[in-house]
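So you can see what is in the structure, the chains are spelled out below.
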Amino acid sequence: MAVELCLLLLLFCGSTVSEVQPIYKPPPGTLDFGFVPAKTYDTGAYHEPGAIGILFKIVHAFLYLVQPNTFPQDLIRKLAQQQFGNTQGDYQKAIYYEIGFIVSAALGLLFILLLPLVGLCFCMCRCCDNCGGEMHQRQKKNADCQRSCFATFLFVASLIISVGVLCAYAANQHLTNQVRGAKKLVNSNFKDLKIFLNDTPAQIDYLVSQYNTTKDKALSDLNNVGPVLGIRVQEQLGKEVRPALDAALTMAGAIRETKEALENVSVSVEVLQEGTERLHANLTEVKMHLSNTLNDSACNAAQAASTCNIIKNSLGQLSINANFSGLPGVSSQLAKVNDVLKIDLSSLVQKGYAAFNDTPDLVVNQTRNILSDIKSVLESIGSNITTFTRALPVQKILADLMVHLTQTEAYVQDYFPIVEQYDFYRWLGCLILCCMLVLILVFYYLGLLCGTCGYDKHASPTTRGCISNTGGNFLMAGVGFSFLFSWVLMIVVVLTFVTGGNVEKLVCEPFEDKNLFKVLDTPYLLNKHWKNYLAGIIFKNPNVNLTFEKVYSDCKENKGIYTSLHLEHLFNINELLNISVYTEDVALKIEHIQINLSKIILLDEIGKENLLNFSSSGIDGIDFSAYLTEINKSVTKVDLLSFANDLEARADQLPKGALENALKGHANNIRMIHNQQVVPLEQAMSTLNQSIRLLKRTSSELMVKVKNVISAVNAAQNLINNNASQVIVQETKKYVDTIIGYFEQYTEWVKESISMEVAACKPIANVIDTAVDIFLCSYIADSVNTFWFGLGGSSMFLIPAIIFAVKLSKYYRRMDTEDVYDDSVEQW
């Protein structure tokens, strides 16, 4: 029934989604499906024994000494296949494996047989006044030393027996406590199994409900087909369209810059021509005045003659250097450029940008009908899922399983008091066994106490006190009860030792290291016709590689039951999750989208003609070399500031007087001319230089540049008019893959959830761990093994205790006769 439930649940999940392998798989937006709802299981399948765990480890070490051999997988397999004993070596291997238990059990049987027989002979011998039965004690010099040694040895043996009794009692009480507390663990396992059944429908519902996440994302992209598909188409076309429009817009800016440069050239040339004429006149006047000053009689003086001659020789430098009067004008080129600018080329290019940027709106307008069909398909998928969900009898199967689980839980609850009652009987029986040893110990301890306290070393054997005599009687009573109880105790020890020890070695240890599962997974072991028993039970196909060990390990890791039971051999999720069933119609409808972009005009003929007119404006015919030749010259042949400073310095060399003052006045006049005329002319030359160089750059291969711009625009327009359909088909396919990618994400998520989270089978592993590792091994086997270990140790030390008690009682009991001091060896 559980297998049928798992198959039905997974079939239900698988019917809601599907899978394809597209040629191109773009990375779609990641969908967030959240977490599959799952409750935490309460059962912790681990037992911590507490302080008594130290005793368990000691017992395990003792069992390893008794039985150090590895788990006999081959023998167990043969035994299970009823082939044990077919060869002589099987018995030898079994004996070799069990040799420790056999020897120990043989010693126990020998103890059971011999100790009562020895006790019987000992009693009969004493009744005949032999074996120490004669109430006569010979005096010895070392009597006190012997008495002390016997008392010490008996006390040590009694202590060891006491420790064994305490171990046995602790193990007995531990088992009872665990049985009483086992009800809580059993209820926890049943609770987890109920959670396992109750949570599975909710998990399935959650998986199905997350289809809406996929559908909503797909619908969102469809509703935003402009931003999604339109922008993708626009981006692909924009790789050629935008550079072409950018080049045209750049050329429009170049036209405006050309106009400004031509205007600057025209104005600058005019300013320079007028300025140089005025400067030439002023410099001529300055030279004339300087010459008149230097012709003064003061210059004939010996001190001024040389200085005046130097100044006269430098007057020729006061003249203009650049001649702008011969530069050609640019008025014709400026007129043509102004004609070109009558048409706003930038506005035409912006219209092209605007038309191209309307691509998403064109996509929206031309895909409205198809999108409505696609939405209808997606809605129909949701309806199909809902219809299929209602048709599956999931709740009925879960209800049946819950009924069986409830009945099982009620059965366990009903019989649990009976288990506790029988455990009480077991506890009482073990307590009686412990009380047998306690009774013996009481006699020994009382005998030691009375004998030690009542012993008088000055008293003769016939005159010993009552207390000392009572101590000796207690010791002999302990010896008598030892003979009576020891064989009973050893029978229990041997039986529990053989049973508990083999359970530990053949079940618990192999279960812990999983060798037990390897035996169960042996081909043809549980069914001679089936290679894999578990696969034969579940799949009716024993050739499927499904093992107990793998199922247990997967459930231990809380994996989904689909993964743990390898249910892909019953039905393959990859075949069930075939989204092509639902996405073929969607893909076909999307691929039938036809988008016409022929209405987009990047640059009309007027704009192209405007560009050609600019290229023929004649700016490339300007004599740039003539301009640059004059521009590169200085305004005057000499720097007027330097000349004025030099003139003033030479005036300072002259004697104080009118000549010196006159020369300094001329120097100041030259500085004023420089500041008022030369500086503005230099600024005008700088403006002219920048404008001429800009025009030169712009005019360089202007026709080629314009033709390249027009060619790029024509190529982009041709791409839109003739080749856009290819781009649209390519981007539409990517768009389809994106939509399908959402379904694939849903599919992969469902696969992962079914494999790892849906119907996580941790409770199954917990049930196995609880039954074997906790109940059988930790509760029962460890407690039973510790019980026989303590009881057996105590029983073995009864033998030396009997010997020392018999020897010691002779020194405490009151004798009938006595000897004078005798140093000979006592014979009895």
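Residues numbered from 1 in each chain as written. Predicted model: local features only at pLDDT ≥ 70, side-chain atom pairs only at ≥ 80, totals over all residues. Heavy atoms only, no water.

1. Description of the overall build of the protein
What counts here: Segments assigned H or I by DSSP are reported as helices when at least four residues long, segments assigned E as strands when at least two residues long, and all are numbered from the N terminus. When a residue's accessible area, from a 1.4 Å probe over protein chains only, is under 20% of the maximum for its type it is buried; when over 50% it is exposed; and in between it is partly exposed. By the convention used here, residues are in contact when the closest approach between their heavy atoms is within 4.5 Å. For the area figures, the Shrake-Rupley method with a 1.4 Å probe applies, and any residue is considered shielded solely by the protein chains shown.
Secondary structure summary: the protein contains 27 helices and 2 strands in total. Every one of the 828 residues in the protein was classed for burial, and the buried ones make up 47%. For the protein, the proportion of contacts with a sequence separation of at least 24, taken over those separated by at least 6, is 90%. Of the roughly 40,800 Å² of accessible surface on the protein, a fraction of 58% belongs to carbon and sulfur atoms.

2. Looking at the packing of aromatic side chains
Rules: Here a Phe, Tyr or Trp ring, Trp counted by its six-membered ring, pairs with any other such ring whose centre lies within 6.5 Å, and the pair is stacked when the planes are under 30 degrees apart, edge-to-face when over 60, and tilted otherwise.
Within the structure shown, the criterion is met by 20 aromatic pairs. Measuring from centroid to centroid gives 5.4 Å for Phe775 and Tyr779, while their planes differ by 40°, and the two rings are tilted. Here the residue Phe775 and the residue Tyr779 both occupy positions in helix H26 (residues 762-796), the gap between them amounting to 4 residues, near one helical turn. In textbook terms, an aromatic cluster arises when at least three aromatic residues are bridged by ring pairs, as seen for Phe62, Phe101, Phe497, Trp788 and Phe789.

3. A closer look at the nonpolar core
Let me state the cut-off plainly: Residue types Ala, Val, Leu, Ile, Met, Phe, Trp, Tyr and Cys, when buried and joined through side-chain atoms within 4.5 Å, form a set referred to as a nonpolar core.
Leu290, Leu318, Leu602, Tyr627, Leu663 and Ile670 are the most contacted members of the largest nonpolar core, which has 80 residues in total. Among the elements that line this core, the one with the most residues is helix H7 (residues 225-294), at 20 residues. If we ignore the near neighbours within four places in the chain, the residues touching Leu318 are Leu283, Val286, Lys287, Leu290, Val638, Leu640, Phe643 and Ile670. The next biggest cluster of nonpolar side chains, apart from the first, holds 50 residues, and it includes Val186, Leu222, Val551 and Leu567.

4. Section: the layout of surface pockets
Empty space left among the atoms is revealed by rolling a probe the size of a water molecule over them. As a reminder, the rule being used: Using only the protein atoms, space was sampled on a 1 Å grid; points where a 1.4 Å probe fits but cannot get out form cavities, open sets with protein on both sides within 12 Å along at least five of seven lines form pockets, and lining residues are those with an atom within 4 Å of a point. Grid points are joined across faces, edges and corners, and a volume is the space filled by probe spheres set on the points. The nonpolar class holds Ala, Val, Leu, Ile, Met, Phe, Trp, Tyr, Cys and Pro. Asp, Glu, Lys and Arg form the charged class, and all remaining residues, Gly among them, are polar.
Approximately 580 Å³ is the volume found for the second largest pocket. Along the wall of the second largest pocket there are 24 residues; nearest its centre are His60, Glu512, Asp773, Ser778 and Asp782. At the level of secondary structure, the elements contributing two or more residues to the lining of the second largest pocket comprise helix H2 (53-66), helix H14 (466-512), helix H17 (548-556) and H26. Counted by class, the lining of the second largest pocket contains 9 nonpolar, 5 polar and 10 charged residues.

5. Considering unusual backbone geometry
Positive phi values are uncommon outside glycine, yet Lys514 reaches one of about 70°. One can find Lys514 in the loop between H14 and helix H15 (515-520). For Lys514, a relative accessible area of 27% gives the class partly exposed. Backbone geometry at Asn558 places phi at a positive 65°, although glycine is not the residue there. Topologically, Asn558 is positioned in the loop between H17 and helix H18 (561-564). Take Asn558: its relative accessible area is 29%, and that puts it in the partly exposed class.

6. With respect to the state of the cysteines
This is how the line gets drawn: Any two cysteine sulfur atoms within 2.5 Å of one another count as a disulfide.
Counted according to the given criterion, the structure contains 2 disulfides. Through a disulfide, Cys508 is tied to Cys777; the S-S separation comes to 2.1 Å. Across the S-S bond linking Cys508 and Cys777, the dihedral sits near -100°, which makes this disulfide left-handed. Residue Cys508 is located in helix H14, and its partner Cys777 is located in helix H26; the two are separated by 269 residues in the primary sequence. Residue class for Cys508 comes out buried when judged on its relative accessible area of 6%.

7. Things to note about the pattern of salt bridges
Stated formally: Criterion for a salt bridge: a side-chain nitrogen of Lys or Arg within 4 Å of a carboxyl oxygen of Asp or Glu.
In total, this model carries 7 salt bridges according to the counting rule given. The closest approach of N and O atoms between Lys194 and Glu409, which form a salt bridge, is 2.7 Å. A residue pair is termed long-range when its members are at least 10 positions apart, and Lys194 in helix H5 (residues 143-209) and Glu409 in helix H13 (residues 394-454) qualify at 215 residues. Overall, the relative accessible area of 25% leaves Lys194 in the partly exposed class. Under the relative-accessibility criterion, Glu409 is labelled buried at 16%. Of the charged contacts, one joins Asp769 and Lys556 as a salt bridge, the two residues approaching to 2.3 Å between their closest N and O atoms. With a gap of 213 residues between them, Asp769 in helix H26 and Lys556 in helix H17 connect regions that are remote in the sequence. Residue Asp769 is classed as buried on the basis of its relative accessible area, which comes to 1%. What makes Lys556 partly exposed here is its relative accessible area of 33%. Shared partners join several salt bridges into a network, and the residues in it are Lys550, Asp554, Glu557 and Lys559.

8. Here we look at H17
Within the span of H17, buried status applies to Val551, Tyr552, Ser553, Asp554 and Cys555. Buried residues along H17 sit against H14, H15, helix H16 (533-539), H18 and H26.

9. A closer look at the confidence of the model for the protein
Defined as follows: Values of pLDDT, the confidence the predictor places in each residue, fall between 0 and 100.
Averaged over every residue, the pLDDT of the protein is 77; residues scoring 70 or more account for 81%. For the protein, the element scoring lowest by mean pLDDT is helix H1 (residues 2-14), at 35; H2 scores highest, at 90. Confidence over residues 1-28 falls short of pLDDT 50; this stretch has 87 contacts with residues more than four positions distant or in other chains. In this model residues 821-828 is a low-confidence stretch, pLDDT under 50, and it forms 18 contacts with partners more than four residues away in sequence or in other chains.

10. Considering the packing of helix H23 (residues 640-651) against helix H24 (residues 658-699)
Any two packed helices are characterised by how steeply their axes cross, that is the angle between the axes, and by the distance between the axes. Condition: Here, axes are lines fitted to C-alpha atoms. For helices the fit covers the stretch in contact, and angles between N-to-C directions go from 0 to 180 degrees. Reported orientations rely on four angle classes, namely roughly parallel under 35 degrees, roughly antiparallel over 145, roughly perpendicular from 65 to 115, and oblique for the rest.
Packing of H23 against H24 brings their axes to within 9 Å, and their N-to-C directions diverge by 170°. Regarding the angle of H23 to H24, the classification is roughly antiparallel. Of the residues in H24, those in contact with Leu640, Leu641, Phe643, Ala644, Asn645, Leu647, Glu648 and Ala651 of H23 are Glu660, Leu663, Lys664, His666, Ala667, Ile670, Arg671, Ile673, His674 and Val678. Of the residues in the contact of H23 with H24, the class split is 11 nonpolar, 3 polar and 4 charged.

11. Some words on the packing of H26 against helix H27 (residues 798-812)
It is the contact of H26 with H27, at a shortest axis distance of 4 Å, that shows an interaxial angle of 30°. Considering the angle they form, H26 stands roughly parallel to H27. Counted together, Ser794, Ser795 and Met796 of H26 and Leu798, Ile799 and Pro800 of H27 form the full contact between these two elements. In terms of residue class, the contact of H26 with H27 is made up of 4 nonpolar, 2 polar and no charged.

12. Quick notes on the environment of Val233
Tracing the backbone shows Val233 in helix H7. What makes Val233 buried here is its relative accessible area of 1%. Separated by 494 residues in sequence, Val233 and Val727 have C-alpha atoms that sit 6.6 Å apart.

13. Some thoughts on the side chain of Ser162
Keep this limit in mind: The definition of a polar contact used here is a pair of N or O atoms within 3.5 Å, where within protein one atom must be able to donate a hydrogen and the other to accept one, and adjacent residues in sequence count solely through side-chain atom pairs.
Within the secondary structure layout, Ser162 lies in helix H5. At 2.7 Å, the side chain of Ser162 forms a polar contact with the backbone oxygen of Ser158. Not counting residues up to four positions away in its chain, the partners in contact with Ser162 are Leu441 and Tyr445.

14. A few points about the environment of His666
Secondary-structure assignment places His666 in helix H24. For the pair His666 and Val286, spaced 380 residues apart in the sequence, the C-alpha separation amounts to 7.3 Å.

15. Some remarks on the side chain of Ser778
With respect to the helices and strands, Ser778 occurs in helix H26. The exposure class assigned to Ser778 is buried, which follows from its relative accessible area of 12%. There is a polar contact of 2.8 Å between the side chain of Ser778 and the backbone oxygen of Asp773. Ignoring any residue separated from it by four or fewer positions in sequence, one finds Ser778 in contact with His47, Phe56, His174, Asp773 and Ser783.

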